[in-house]
Amino acid sequence: MNSTNSAIELLAPVSGPVLPIGGVPDPVFAQKIVGPGVAVDPTTQVLLSPADGKVVQLHRAHHAITIETGGVQVLLHIGLDTVKLNGEGFKPVVKLGDYVLAGQALIEFDADLIAQKAKSLITIMVVTEVSEKRLHFNRIPFADAGMDVLVSVSEAEATAQSASGDGQAESQEIRIELPTGLHARPAALLVGMAKSYRSNVELLKGEKSANAKSVVGIMGLEIANGDRVRFRAAGADAAQAVAELTEFLHDLEEQPEAATAKPAASVRRASSADSLGGVGVSPGLAIGFVHQVRGETFDFAEEASASAEEEKARLERALTAAADELSELGRQVKAKTDGTQAAIFAAHRELLADPDIVFEADKLMAKGKSAAYAWNKAIETHASRLASLNNELMANRANDLRDVGRRVLRLVSGGKSRPNPLPDNAILIAENLTPSETVALDRSKVLGFCTTSGGATSHVAILARSLGLPAIAGIDPKALEIAEGSEVILDGDLGELRLNPKAADKQAAQKMQAEHASKREAALTMAHKPAVSRDGRSVEVAANIGSVADARQAVEMGADGVGLLRSEFLFLERDTAPSEEEQYRVYQEIADVLGERVLVIRTLDVGGDKPLRYLPIEAEENPFLGVRGIRVGFLHPEILRQQLRAILRVRTRGKLCVMFPMISSLEEFRKAKQMLEEERAKLKAAPVQVGIMVEVPSVALTAEAFAREVDFFSVGTNDLTQYTLAMDRGHTGLAKQVDALHPSVLKLIEMSIQAAHAHGKWVGICGGLASDLKAVPILLGLGVDELSVSIPSVPMVKSTVRECRVSECESLAKRAVGAATATEVRELKVLNPSQGFVDEESVLVPAEDR
């Protein structure tokens, strides 16, 4: 039975992951223009009837069919834009007017053909006749066709109290039962659902209200566990919106409480009489003069000089121009860095369209305020709310919001900013710098910077490292009081700003800079030589890249190959996924640049933390524990298969490898490899090496089982460290403690290497630890075969390997794994048989020179 007197149950028409219809990359379905429903990414190839009923419509292209059951009509639509196939790949097994039973086959379809020729395989089930009906969606991650109930349809209940007969509705109070309140993931999910209704929807908490379609607005309400809220809507589908959103919040209440850990204390360099401490977020040493950055300021009138309509048009033009500028900034970042940081500016573009901010500005302009004043007021209102929230990650986004706000303000005010010229040899001091300001810094004048806010994984810190600028975050606020033009020494390694340096201090710093420069120069002259230790161990030093230009630069810098091609660069900053042909051409061009060198291509690694606008991935409270990496590929198999086909078509003179990210179980690897082998068989392509990222502790702990089946491991130390230490690398207060040289992380690396070598497989390190010169001797001692590093690091890492003796490195690595803390590891000394204990750096110095 699939229906009763009180409800109609609609079964899953296909098997596969279940998706919210609001996230489907098709506005007709996502905005519920056809009607409310649900989506499934099919893993089966037969469409089944969701209920007993009658076939009342069968499209001539055979990709869509409608079943009438219990007074409602249910549209089933296989794939997106599949009407263009004109029936190719579809075979109906019923005809118009037939009566069918729940679970009966309706249409057979060729999933592989459709995935290649259509926009998506995602299959939609929409209820098109819902007058006086209430729909309950069974939110399950995966559905079995003909077995699992996805939607229940019943007579509408009095869940919404109609305020009048003109399309207005308000819910009763809903008590929030979420341990962490309504923020982050649940707020984003709520906004995504609210946007699918045509009505205006508000979320109310007491006397405060917010646009339910604005994340910024909802965050500003600070809805905590136990608070009572209600919905109010006005429009054609107001009652439906209120009823379904109310039910959505009730469903959220049923989610189990997530385990939380008490944050550890923030660790930073202490201040003293002659120095100020903070967190070193980008290494390097700089001697220069303080320039206090007080923030760009603009001159504009509060009252409008034109009509409200003209002011709104002026703001709209500024928003459009700002979006274009952000796209250009993204392209600049791709050119200056490895390209992965371009996503920062893609996120900024999304902030431009936040309806709550635009609505707030519109209200002020309607009251006679100028476009500049209205926009600035709206931005500051919402940024202040975000900055005051208990959710630190959201509070950090206030800086991004202000960055976007200033960009638009400059445009809407005609660029009338007060000048703040940069001196030569400047060390910038600021409360904060925005990503836009950081990437636009004049490198001929700016030697480094310090901010009183932020952390090692803030957007600004990431950009500083990519640009090679020494930087300190979280510095003592007394830095803001340093007189303009004061001479200082910035140590980005120690996180220390030395004040009023004496002649001897400057001489020591200059000597250190000269030594570093000399070492870099010597390393560059030897960059194209192999990296072979003094006792004969050869180690491949490859590069991490994110573009064809990066590949050329890597070859110029002496890289032995590419140990990590971040294929995401092809998928970012666009509205549709790249075609197979486009991907193939880029991969082939990179292979041609590399010649006989190795090329390791990582499949698409995105998720809730770095989403793509055309892939429906729900916002998550902790995206690092959600759908990312290979899980996205399984959720969207047509994307993964297309990428695998493009890679397999590449012809290279060197070794070609495919690497799967975020693997956490052997089942996942087998599934991914099976997909690759299926595509390889279709193309009759040559075999390639297939490996995985080791970035989840479960893989390292079961490395023996994986080593029997994979061709290689590549350790992603950034994620492996945060998962092992249970510390979010995006958390400002914990940034200093997320150290990949922690003994627990080193032990997991050691286990992976030992298991791989026991089965004749090779192991590389492609995370940030591989570029850490202090870590290189330890990694050599653990037995690593390859180090894949940032492009500028290639010469120095090669030089470091050549100066090492592996026999001494092994002794050092043994003590590092046996240490108790990361601090102990960094302070380790190596035992030299003839001289006793000496500094760790002695493993880098020839014995005859000691």
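Just so it is clear, the model here is predicted, and its values are computed rather than measured.

Asks: Got a sec to walk through the overall build of the protein chain? Specific residues and values, please.
Replies: From N to C terminus, the protein chain includes 26 helices and 39 strands. Expressed as a percentage of the 850 residues in the protein chain, the buried residues total 53%. Of the contacts made within the protein chain by residues no fewer than 6 positions apart, 70% connect residues no fewer than 24 positions apart. When the accessible surface of the protein chain is totalled, it reaches about 35700 Å², and 50% of it is carbon and sulfur.

Asks: Please provide a residue-by-residue account of the sheet that holds strand E9 (residues 99–100), values included.
Replies: If you trace the eight strands from one edge of the open sheet to the other, you get E9-E5-E6-E7-E11-E3-E2-E13, paired in antiparallel fashion. The outermost strands of the open sheet, each flanked by one partner alone, are E9 and strand E13 (142–143). For strand E3 (residues 37–40) and strand E11 (residues 123–127), the ladder comprises four bridges, and the chain directions are antiparallel. In the strand pairing of E11, Ala 39 is matched with Ile 124.

Asks: Lay out helix H8 (residues 355–366) with the relevant residues and their values.
Replies: Along its twelve residues, H8 runs 16 Å from first to last C-alpha, staying within 8% of the 16 Å computed at 1.5 Å per residue. For H8, the complete set of buried residues consists of Asp 356, Ile 357, Ala 361, Leu 364 and Met 365. Of the residues trailing H8, Gly 368 is marked for its positive phi of about 95°.

Asks: Go over the nonpolar core, please, and point to the residues and values.
Replies: If you look at the biggest cluster of nonpolar residues, it comprises 98 residues, and the most contacted ones within it are Ile 590, Phe 660, Phe 713, Leu 746, Ile 749 and Leu 787. Looking at this core, the element that brings in the most residues is helix H22 (residues 743–758), giving seven residues. Setting aside its immediate chain neighbours within four residues, Phe 713 contacts Ile 692, Val 694, Ala 703, Phe 706, Ala 707, Ser 752, Ala 756, Trp 762, Val 763 and Gly 764. Grouped together as the second largest cluster of nonpolar side chains are 36 residues, Val 18, Leu 47, Ala 51 and Ile 67 included.

Asks: Describe in detail the packing of helix H15 (residues 580–594) against helix H17 (residues 637–648), supporting the description with residues and values.
Replies: Put simply, H15 and H17 touch, their axes get as near as 8 Å, and they point 40° apart. In this view, H15 runs oblique relative to H17, as classed from their interaxial angle. Where H15 crosses over H17, the handedness of that crossing is right-handed. For the pair H15 and H17, contact is made by Glu 580, Gln 583, Tyr 584 and Tyr 587 and by Gln 642, Gln 643, Arg 645, Ala 646 and Ile 647, respectively. Residues that form the contact of H15 with H17 fall into these classes: four nonpolar, three polar and two charged.

Asks: I'd love a proper account of helix H18 (residues 666–683), names of residues and values included.
Replies: Each full turn of the α-helix corresponds to 3.6 residues, which orients residues three or four apart in the same direction. In this model H18 runs 26 Å from its N-terminal to its C-terminal C-alpha over 18 residues, within 8% of the 26 Å that 1.5 Å per residue would give. Among the residues of H18, Leu 666, Glu 668, Phe 669, Ala 672, Met 675, Leu 676 and Glu 679 are the ones counted as buried. Buried positions along H18 lie against helix H16 (630–635), H17, strand E33 (656–660), strand E34 (689–694) and helix H20 (703–707). Lys 684 sits one or two residues past H18 and shows a positive phi near 55°.

Asks: Pulling in residues and values, what's your account of the state of the cysteines?
Replies: Taken as a whole, this structure holds zero disulfides when the rule is applied. We note that Cys 804 lacks a disulfide partner, and the nearest cysteine sulfur, in Cys 809, lies 4.0 Å from it. By relative accessible area, which is 0% here, Cys 809 ends up buried.

Asks: Pulling in residues and values, what's your account of the environment of Gly 16?
Replies: Mapped onto the elements, Gly 16 comes out in strand E2 (residues 16–20). Along the sequence, Gly 16 and Thr 44 sit 28 residues apart, while their C-alpha atoms lie 7.4 Å from each other.

Asks: Which residues make up unusual backbone geometry, and what are the values?
Replies: Positive phi values are uncommon outside glycine, yet Asn 500 reaches one of about 45°. Along the chain, the position of Asn 500 falls in the loop between strand E28 (496–499) and helix H13 (503–525). Positive phi, close to 55°, is recorded for Lys 684, a residue that is not glycine. Mapped onto the secondary structure, Lys 684 falls in the loop between H18 and E34.

Asks: Describe the sheet that holds E28, with residues and values.
Replies: Spatial strand order, E21-E28-E27-E23-E24-E25-E26-E22: eight strands in an open sheet with mixed pairing. Strand pairing shows two members of the sheet lacking a second neighbour, strand E21 (275–277) and strand E22 (279–282), which therefore form its edges. Here the average twist between neighbouring strands, direction ignored, is 30°. For E21 and E28, the ladder comprises three bridges, and the chain directions are antiparallel. Residue pairing for E28: Ser 275 is matched across the bridge by Arg 498. On the sheet, H13 packs against strand E23 (285–292) and strand E27 (487–491) and is oriented at approximately 125° with respect to E23.

Asks: I'd like a description of the pairing of strand E18 (residues 200–205), backed by residues and values.
Replies: The pairing of E18 with strand E20 (residues 228–234) spans five bridges and is antiparallel. Note on E20: the bridge partner recorded for Leu 204 is Arg 230. Sheet analysis places E18 next to strand E19 (residues 208–211), joined by four bridges and oriented antiparallel. Bridge pairing in E19 links Leu 204 to Ser 209.

Asks: Describe the pattern of salt bridges, and please don't skip the residues or the numbers.
Replies: Using the criterion set out here, one finds 30 salt bridges in the structure. Residue Asp 227 pairs with Lys 205 through a salt bridge whose shortest N-O separation is 3.3 Å. Remark: Lys 205 occurs in strand E18 and Asp 227 occurs in the loop between helix H4 (215–221) and E20; sequence separation between them is 22 residues. A residue is classified by how much of its surface remains accessible, and Lys 205, at 25% relative accessible area, is partly exposed. One salt bridge connects Arg 649 with Glu 580, and the closest N-O pair in it is separated by 3.2 Å. You can see Arg 649 sitting in the loop between H17 and E33 and its partner Glu 580 sitting in helix H15, a full 69 residues away along the chain.

Asks: Break down the environment of Ile 663 for me, with residues and values.
Replies: Along the chain, Ile 663 turns up in the loop between E33 and H18. Its relative accessible area of 0% is what places Ile 663 among the buried residues. When the C-alpha atoms of Ile 663 and Gly 629 are compared, they prove to be 7.7 Å apart, with 34 residues separating the residues in sequence.

Parameters and conventions
Residues numbered from 1 in each chain as written. Predicted model: local features only at pLDDT ≥ 70, side-chain atom pairs only at ≥ 80, totals over all residues. Heavy atoms only, no water. Helix = DSSP H or I, 4+ residues; strand = E, 2+ residues; numbered from the N terminus. Buried < 20%, exposed > 50% of the residue type's maximum accessible area, 1.4 Å probe, protein only. Contact = heavy atoms within 4.5 Å. Areas by Shrake-Rupley, 256 points an atom, 1.4 Å probe, with all protein chains shown as cover. Pairing = 2+ DSSP bridges. Expected span 1.5 Å × (residues − 1). Core = buried A, V, L, I, M, F, W, Y, C linked by side-chain atoms within 4.5 Å. Axes fitted to C-alpha atoms, helices over the stretch in contact; angles between N-to-C directions. Parallel < 35°, antiparallel > 145°, perpendicular 65-115°, else oblique. Left-handed = near helix turned anticlockwise from the far one by under 90°. Nonpolar A, V, L, I, M, F, W, Y, C, P; charged D, E, K, R; others polar. Disulfide = S-S within 2.5 Å. Salt bridge = Lys/Arg side-chain N within 4 Å of Asp/Glu carboxyl O.

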